[in-house]
Amino acid sequence: MVQRVAVVGAGSSGLACIKICVDEGLEPVCFESSDDIGGLWKFKESPEPERSSIYRSLVVNTSKEMMCFSDFPMPADYPNYMHNSLLLQYFRLYADHFDLLRYIHFQTTVRSVAQRPDFSLSGQWDIVTINGDGEEERHVFDAVLVCSGHYTHPALPLSDFPGYETFSGRCFHSCEYKDADACRGKRVVVVGIGNSGGDIAVEISRSAEMTFLSTRQGAWVMGRMATNGLPMDMTAITRFNNILIRLLPNTLVNWAVERALNPKCDHKLYGLKPRHRLLDKKPLINDDLPSRILQGALVMKPNLKGFKDSGVEFEDGTVEENIDAVVFCTGYNGNFPFLPPALSEGTLFPPCLSQPTLAVMGLFQTKGPIMPIVEMQARWAVKVFAGLSRLPCKEKMLEVIESERKRNMKSYNCPRKAALQVDFIPYLDFMAEQVGVRPNFLRLLLRDPVLWVRVFFGPCTPYQYRLSGPGQWAGARQAILTQWERVVQPFRTRVVPEPESKPSVLFSPWLLTFGAAVTIAALLSKNEIFPVLQGAGLCTVGEEQYMRYDRIR
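Given the structure is predicted, the values throughout are model-derived calculations rather than measurements.

Peer 1: Can you explain the environment of E27? Please cite residues and give values.
Peer 2: For E27, the location among the structural elements is in strand 2 (residues 27-31). Look past the residues within four positions of E27 in its chain and what remains in contact with it is Q3, R4 and V5.

Peer 1: Which residues make up the sheet that holds strand 1 (residues 4-8), and what values go with them?
Peer 2: Across the sheet, five strands lie side by side as 3-2-1-7-18; this open sheet has parallel pairing. Edge positions in the sheet fall to strand 3 (104-105) and strand 18 (358-360), since each has one partner strand and no second. Pairing analysis gives four bridges linking strand 1 to strand 7 (residues 143-146), with the strands arranged parallel. Bridge pairing in strand 7 links V7 to L145. The strands that helix 10 (residues 370-385) touches are strand 1, strand 7 and strand 18; relative to strand 7, the one it contacts most, it runs at about 165 degrees.

Peer 1: Explain the confidence of the model for the protein chain to me, and be specific about the residues and the numbers.
Peer 2: Segments scoring low in pLDDT should not have their predicted coordinates read at a detailed level. Residues with a pLDDT of 70 or more make up 90% of the protein chain, whose mean pLDDT is 90. In the model, residues 526-553 has pLDDT below 50 throughout and makes 17 contacts with residues more than four positions away in sequence or in other chains.

Peer 1: Run through unusual backbone geometry, naming residues and quoting values.
Peer 2: Positive phi is not limited to glycine here, since Q107 has a value of about 50 degrees. Within the element layout of this structure, Q107 appears in the loop between strand 3 and strand 4 (109-115). Positive phi is not limited to glycine here, since N322 has a value of about 55 degrees. Residue placement: N322 occurs in the loop between strand 16 (319-320) and strand 17 (325-328).

Conventions and cut-offs
Residues numbered from 1 in each chain as written. Predicted model: local features only at pLDDT ≥ 70, side-chain atom pairs only at ≥ 80, totals over all residues. Heavy atoms only, no water. Helix = DSSP H or I, 4+ residues; strand = E, 2+ residues; numbered from the N terminus. Contact = heavy atoms within 4.5 Å. Pairing = 2+ DSSP bridges. Axes fitted to C-alpha atoms, helices over the stretch in contact; angles between N-to-C directions. pLDDT = per-residue confidence, 0-100.

Set out below in structure tokens:
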């Protein structure tokens with residue numbers, strides 16, 4: 001029976017896994033190589049080997065209501081899209097609230113995770129760690145949750161570009177980038193148009209003499225704001241929209257959304273338009289990139305071809321001279337050096353295991369926030385560990401993986417990346433079904449129609465998966481009903497004067513008085529008024545008869 005669970009890493013995924021293990025009556029032991037929680041979101045002045053790294057100005061691109069833990073809403077006064085330091089503060093609040101720190105061994109690095117000799121029977125693992133004093137320790141665990149992330153081994157493809165050996169400028173990966181101070185007054189090329197590439201190119205363009213953004217395929221660019229300045233993801237990621245996307249032809253949906261994006265920024269005109277349609281890949285979330293292009297501070301370029309002595313050449317044959325630095329925003333290799341290679345293939349449950357007692361968290365990519373995905377993965381994994389949820393056989397798992405890979409190969413040429421793409425709401429619902437927490441919409445409609453409307457037509461926030469079933473949270477309903485209040489709260493920093501309500505001019509006392517006076521005057525002097533009206537053609541038949549009768553009389 002599973003009891004002791006090793007959790008590798010104390011970032012956002014690790015914290016969620018510790019809490020869920022405690023909820024299920026298990027004994028988590030978390031190993032964190034650094035001296036603090038937060039993982040990726042703990043900003044460091046200098047990059048450290050085999051640890052994730054972020055830049056100083058990083059702001060999240062998913063809103064607080066969509067990315068929070070399902071039973072712990074973010075503070076109402078937090079901005080909807082927060083700076084990385086505030087997200088780290090939220091993790092501290094979460095850890096304190098659920099008393100998670102006592103399960104974490106800081107400055108302890110996991111060196112190896114291996115199956116025990118009797119693994120086929122026990123499902124147990126041998127884990128070797130190194131503590132802060134350099135001492136090696138050995139442990140035995142019933143199950144393992146890998147939460148160390150896949151942003152620790154940067155992919156720097158310098159060898160793909162001839163001439164880099166003699167290039168006089170500096171080449172470095174985005175994991176080394178902290179701010180734009182070193183780029184002030186220089187000519188800089190940023191390679192890659194993912195979210196990091198867009199952010200870094202925009203920030204550098206505010207300091208550099210000239211910034212070039214090199215992209216192989218281009219990207220569809222979306223801002224964080226939707227109609228009325230509301231968070232884009234809260235208006236877009238709804239169950240109603242998800243059903244529409246599934247029912248309508250992809251061609252029609254792509255046309256409609258692309259048509260909605262282009263009036264703000266013509267992607268073809270700005271050199272951004274990609275080869276793929278919008279639904280095929282994740283869009284670039286960036287509020288400022290089009291304006292920096294419009295101002296001439298940032299220039300779009302095709303894919304990098306190679307280096308000259310002091311310049312770079314692009315695939316269209318153009319050359320930019322006197323380049324001081326090239327920043328490669330080219331992603332990361334998803335390596336887990338402490339795991340056997342067969343367990344690092346990029347699936348939640350490695351199919352090769354005879355006993356499903358290890359899960360690798362957070363590898364999947366989706367058009368939505370990753371934290372709710374990881375939390376649900378952890379809830380499912382713990383159920384599997386405890387034998388309360390069963391996985392299909394190895395052959396069936398491999399068949400599903402291959403099917404998903406083939407489905408996504410049209411958009412992602414890399415087979416590994418293709419296998420990691422999932423649809424946000426369907427994937428959450430699938431896992432929720434395994435855990436027993438998927439909302440029952442018919443029952444919800446009959447028992448609580450007000451809540452049903454919010455759940456079906458409103459944003460698919462994580463609280464929906466705490467309404468019923470194992471791990472039910474009593475505050476979930478109220479969290480859903482008040483989620484828009486927390487969206488509005490950070491804007492309430494100034495009392496906005498409301499215009500005095502004035503009655504309509506049609507019902508003003510002066511107009512009514514004037515109208516009454518005219519009517520009375522007409523009645524009192526009908527002998528003079530009616531002929532005038534008749535001459536103007538404005539009299540009715542009845543009025544003409546009245547005038548004839550009056551003249552005869």
